[in-house]
Amino acid sequence: MALAGVRVIELAGLAPAPFCGMILSDFGARVIRVDRTKVAMTVDTQARGKQSVALNLKNPKGVAVLKKLCVQSDVVLEPYRKGVMEKMGLGPEDLLKENPRLIYARLTGYGQSGSYAKAAGHDINYLAMSGLLSMLGRTSEKPYAPLNLVADFAGGGLMCAFGIVLALLERSRSGRGQIIDASMVEGAAYVGSFMWKSRSLGLWNRPRGENLLDSGAPFYDTYRTSDGKYMAVGAIEPQFYQQLIQGLGLDDADLPAQMSISDWPQLRETFSRVFATKTQAEWSQVFDGTDACVTPVLSVDKVLSHPHNKARGSFFKDSQGEISPRPAPVLSRSPAEPCRFRDPFIGEHTRSVLKEYGFEQAQIEQLLSAGIVECNEAKARL
Ligand SMILES: C[C@H](CCC[C@@H](C)[C@H]1CC[C@H]2[C@@H]3[C@H](O)C[C@@H]4C[C@H](O)CC[C@]4(C)[C@H]3C[C@H](O)[C@]12C)C(=O)SCCNC(=O)CCNC(=O)[C@H](O)C(C)(C)COP(=O)(O)OP(=O)(O)OC[C@H]1O[C@@H](n2cnc3c(N)ncnc32)[C@H](O)[C@@H]1OP(=O)(O)O
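Note that the coordinates shown come from a computational prediction; the quantities given were computed from them, not determined experimentally. (Residues numbered from 1 in each chain as written. Predicted model: local features only at pLDDT ≥ 70, side-chain atom pairs only at ≥ 80, totals over all residues. Heavy atoms only, no water.)

Asker: Would you mind showing me how to read the sheet that holds strand β8 (residues 230–234) here?
Answerer: Spatially, three strands are ordered β7-β8-β9 in an open sheet, and the strand pairing comes out antiparallel. The open sheet has two free edges, formed respectively by β7 (220–224) and β9 (294–296), since each of these has just one partner strand. Strand-to-strand, the axes of this sheet are offset by a mean angle of 25°, without reference to chain direction. One ladder, built from five bridges, connects β7 with β8; its direction is antiparallel. Across the sheet, Asp221 pairs through a bridge with Val233, a residue of β8. Against the sheet, helix α10 (residues 264–275) engages β7, β8 and β9, with an angle of about 40° to β7. Sitting on the sheet, helix α11 (residues 280–287) touches β8 and β9, and the angle it makes with β8 is about 30°. (Pairing = 2+ DSSP bridges. Helix = DSSP H or I, 4+ residues; strand = E, 2+ residues; numbered from the N terminus. Axes fitted to C-alpha atoms, helices over the stretch in contact; angles between N-to-C directions. Contact = heavy atoms within 4.5 Å.)

This is how it looks when you write it as structure tokens:
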């Protein structure tokens, strides 16, 4: 796999950093998640392929353990508020001094500088600060955050993984590590570059929810079917729009022009009325194999069985029967191979990892009895 041989230490976080670690793990990196001690259950639902070491970083001996792990690693990924790592004596200066090849990735909401750097926040706040939230939502409604996909995952976890891969590539030439300041505000805004770069085209001149791609246009929207499901319509180009009209059984001569914005409400009503006459399956049959750009809105349970997704193996079931998306993109020679085994228990690999990283048996026992590290091998064997 592309990242085979890369060792990552991921400090346990909420959503974006776990996703970043999972991407690296899916593509072959060895990811060791450092969890807190005295925690019964992890909230990391993106732990695929990771190992877990439970370590008390409030104790200087715990800090020393982490340093030793980082000296022998390629990447450390930290998801804390600005200053937390420095306070524990684990800031970039400390760790890069001991391992100048280390890539030190800092995944935060607001970045390492600026007046918000130390403030708490979540996806919706970062999305708001990126400018993008102001553009999301239906006409005459308040801004609407699309789950926590944009800032946490696209602009956060994924962008941070991209930064790490870039830094690894650069290190193969320079031999030196570096610090990655991954701000979710900036990551989200960067993902949304199109919104800024396409303003001159007049794509976003109208209020929120009344533009071409924000559900303003009737040919770029979703429609309810007779069985209470939905179809997605993305027939922008005139030649594809014609196929939409044909599939709906409408006559172009009876309809206003596609780009007549003042007629969009009327056109939407017509489309809504027609879509409500057949089930999702029936509409899929009508549009499959055409270029009308009309697809069923699949529920997360149904994606696995759709013939297209099935043919490509786009989703898979793990050993627990849970459906997951296959890691993307697909590399021809060294594709990702997601681990199908269950996620680790907190501290499941403490003993084995410490041994591998050069701790003597007696040292490990001492750390365990002092509560500086915790081990959960027994739970794993149950
Ligand atoms: C919208 C998303 C978030 C969605 C997440 C939800 C899915 C989950 C959120 C809450 C979960 C529920 C909850 O936990 C209760 C149940 C628990 C149960 O086990 C499961 C069910 C639950 C209902 C559970 C269910 C779900 O999992 C949840 C609903 C996001 O937007 S995520 C993005 C958040 N932002 C960032 O990541 C940006 C960077 N980080 C930050 O700004 C801050 O970390 C943050 C997120 C604001 C949190 O601030 P906080 O004050 O809590 O922490 P920090 O200032 O960063 O300091 C960390 C302290 O921890 C110490 N520490 C770290 N590691 C160790 C260690 N190994 N040992 C000892 N101590 C450690 C560190 O020293 C810091 O201590 P100090 O505060 O003393 O300096």
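Continuing now.
Asker: What am I meant to see in the pattern of salt bridges here?
Answerer: Two side chains with opposite charge may pair up if their charged atoms get near one another. A complete count under the given rule lists 15 salt bridges for this structure. Close ionic contact of Asp74 with Arg171 constitutes a salt bridge, the shortest N to O distance being 2.8 Å. Pair noted here: Asp74 is in the loop between α2 (60–71) and β4 (75–78) and Arg171 is in helix α6 (residues 149–174), with a separation of 97 residues, a long-range link. For the pair formed by Asp74 and Arg171, the shared burial category is buried. (Salt bridge = Lys/Arg side-chain N within 4 Å of Asp/Glu carboxyl O. Buried < 20%, exposed > 50% of the residue type's maximum accessible area, 1.4 Å probe, protein only.)

Asker: Just checking my understanding: could you explain the site of the ligand for this structure?
Answerer: Lining the immediate environment of the ligand, one finds 27 residues, of which Arg36, Lys58, Arg81, Lys87 and Asp123 sit closest. Side-chain polar atom of Lys87 to an oxygen atom of the ligand: 2.8 Å apart, as the coordinates give it. In isolation the ligand has 1,500 Å² of accessible area, and contact with the protein removes 62% of it. Only α3 (84–87), β5 (103–108) and α5 (123–130) provide two or more residues apiece to the shell around the ligand. Split into classes, the residues belonging to the shell around the ligand amount to 14 nonpolar, six polar and seven charged. (Near = heavy atom within 4 Å. Polar contact = N/O pair within 3.5 Å; in protein donor to acceptor, adjacent residues only side chain to side chain. Areas by Shrake-Rupley, 256 points an atom, 1.4 Å probe, with all protein chains shown as cover. Nonpolar A, V, L, I, M, F, W, Y, C, P; charged D, E, K, R; others polar.)

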